[in-house]
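An overview of the molecular structure
These are the residues of each chain, in order.
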Amino acid sequence: MDLRARAVPSVERLRVLLMLFHTVAQIMAEQEVENLSGLSTNPEKDIFVVRENGTTCLMAEFAAKFIVPYDVWASNYVDESHNTSKGPEAKWRLSKVQFIYDSSEKTHFKDAVSPGKHTANSHHLSALVTPAGRSYECQAQQTISLASSDPQKTVTMILSAVHIQPFDIISDFVFSEEHKCPVDEREQLEESLPLILGLILGLVIVVTLAIYHIHHKMTANQVQNPRDRSQYKHMG
């Protein structure tokens, strides 16, 4: 009798990821997607540029991996995961992610029970929300869940070291002012808070010592007036 076991999540190497990023505007003109990942100093970080009629309309740098659950025949091995990689109120955001994978590809999916092509989609997604005219940057990991066409399966997309900007791009690899994610901002505040408190404490100590020194000097030089009139005869 065949036994089925739950596989440890496998990861699909990301090569054509820009199809994932559907921003607010629907782009109707012909597009050219250029993979510049070979220029990255980090082997796990990908770089993509999308051009429309010769104009750069999207730049993206990020490391990404997909954790894809699937059924396998029972065995004694564990498959390990492999990292891959305008107005004042106007904003842009990531509103849809679609990931297509084929579990019959034995490089990443070993002994799949029902191999085949599947599509995983996001639902009601609103991520990377950024004011218009600025780029989004986040070093921390972010997780997005995708519902797969493979029954009862959820694909997990993990992003990190993200720097992305659609629209208003001056030239390649020149991002506008960064809009940092809340996690990065909190970590930056936690790192700088002890320094700020130390500076404030040092300033308080210096001011206190200065006031004490001035008060002590004024007190030492002050002429004491006699309290009794009889003491006046001793003066002069």
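Residues numbered from 1 in each chain as written. Predicted model: local features only at pLDDT ≥ 70, side-chain atom pairs only at ≥ 80, totals over all residues. Heavy atoms only, no water.

**Structural notes on the overall build of the chain**
Along the backbone of the chain there are 1 helix and 14 strands. A total of 236 residues make up the chain; the buried ones form 36% of that total. If you sum the accessible surface of the chain, you get close to 15,500 Å²; carbon and sulfur atoms cover 55% of it. (Helix = DSSP H or I, 4+ residues; strand = E, 2+ residues; numbered from the N terminus. Buried < 20%, exposed > 50% of the residue type's maximum accessible area, 1.4 Å probe, protein only. Areas by Shrake-Rupley, 256 points an atom, 1.4 Å probe, with all protein chains shown as cover.)

**Things to note about the side chain of Arg51**
Relative to the helices and strands, Arg51 is located in strand S4 (residues 46–52). Residue Arg51 is classed as buried on the basis of its relative accessible area of 14%. A polar atom in the side chain of Arg51 sits 2.2 Å from the side chain of Glu34. (Polar contact = N/O pair within 3.5 Å; in protein donor to acceptor, adjacent residues only side chain to side chain.)

**Section: the pairing of strand S9 (residues 117–121)**
Burial of the side chains of S9 is restricted to one face: His118 and Ala120 are buried, whereas none of Lys117, Thr119 and Asn121 on the reverse face is. The sheet contact formed by strand S8 (residues 98–102) and S9 spans 5 bridges and is antiparallel. Each bridged residue has a counterpart across the sheet, and for Tyr101 the counterpart in S9 is His118. Here S9 runs beside strand S12 (residues 142–148); their pairing, made up of 2 bridges, is antiparallel. If you follow Ala120 over to S12, its bridge partner there is Ser148. (Pairing = 2+ DSSP bridges.)

**Observations regarding the packing of aromatic side chains**
Tallying each qualifying case throughout the model produces 4 aromatic pairs. Their ring planes at 0° and their centres at 3.8 Å tell us that Phe66 and Phe99 sit as a pair that is stacked. Just as Phe66 is buried, Phe99 falls in that class too. For the pair Phe99 and Tyr101, a centre-to-centre distance of 5.6 Å together with 20° between the ring planes defines the contact as stacked. This pair shows no difference in class: Phe99 is buried, exactly as Tyr101 is. An aromatic cluster of at least three residues, connected via ring pairs, comprises Phe66, Phe99, Tyr101 and Phe109. (Phe/Tyr/Trp six-rings, centres within 6.5 Å; stacked < 30°, edge-to-face > 60°.)

**Notes on the pattern of salt bridges**
Under the criterion given, the structure shown has 4 salt bridges. Glu34 is the salt-bridge partner of Arg51, the closest N and O atoms lying 2.2 Å from each other. Of this pair, Arg51 sits in strand S4 while Glu34 sits in strand S3 (residues 31–35), placing them 17 residues apart in sequence. (Salt bridge = Lys/Arg side-chain N within 4 Å of Asp/Glu carboxyl O.)

**Considering the state of the cysteines**
Scanning all chains against the criterion turns up 1 disulfide. Between the sulfur of Cys138 and that of Cys181 lies a disulfide, 2.1 Å long from S to S. Of note, the bridge from Cys138 to Cys181 carries an S-S torsion of about 70° and is right-handed in sense. Taken together, the positions of Cys138 in strand S11 (residues 135–138) and Cys181 in the loop between strand S14 (178–180) and helix H1 (182–221) put the pair 43 residues apart, joining distant regions of the chain. You'll find Cys138 and Cys181 in the same group, each marked buried. (Disulfide = S-S within 2.5 Å.)

**A word on the confidence of the model for the chain**
Summarising the model, the chain shows a mean pLDDT of 75, and 70% of its residues fall at 70 or more. Counting interchain partners and residues more than four positions distant, the pLDDT-below-50 stretch residues 1–28 has 101 contacts. Long-range and interchain partners of residues 75–85, a stretch whose pLDDT sits below 50, account for 34 contacts in this model, where long-range means more than four residues apart. (pLDDT = per-residue confidence, 0-100. Contact = heavy atoms within 4.5 Å.)

**Describing the environment of Cys138**
Given the relative accessible area of 1%, Cys138 is considered buried. Once the C-alpha coordinates of Cys138 and Val183 are considered, the two residues, 45 residues apart in sequence, prove to be 7.9 Å apart. With sequence-adjacent residues up to four places away left out, Cys138 is seen in contact with Ser160, Ala161, Val162, Cys181 and Asp184.

**Regarding the nonpolar core**
Within the largest apolar cluster, 32 residues are counted, with the highest numbers of intra-cluster contacts made by Phe99, Tyr136, Leu146, Val155 and Ile164. Breaking this core down by element, the ones donating at least two residues are S4, strand S5 (55–68), strand S7 (91–94), S8, strand S10 (127–131), S11, S12 and strand S13 (154–166). A per-element tally of this core places S5 first, with 7 residues. Not counting the four nearest positions on each side in its chain, Val155 is found in contact with Phe66, Ile67, Val68, Pro69, Phe99, Tyr101, Ala120, Ile144, Ser145, Leu146 and Ser148. Residues Leu36, Ile47, Met59 and Phe175 belong to the second largest nonpolar core, which totals 6 residues. (Core = buried A, V, L, I, M, F, W, Y, C linked by side-chain atoms within 4.5 Å.)

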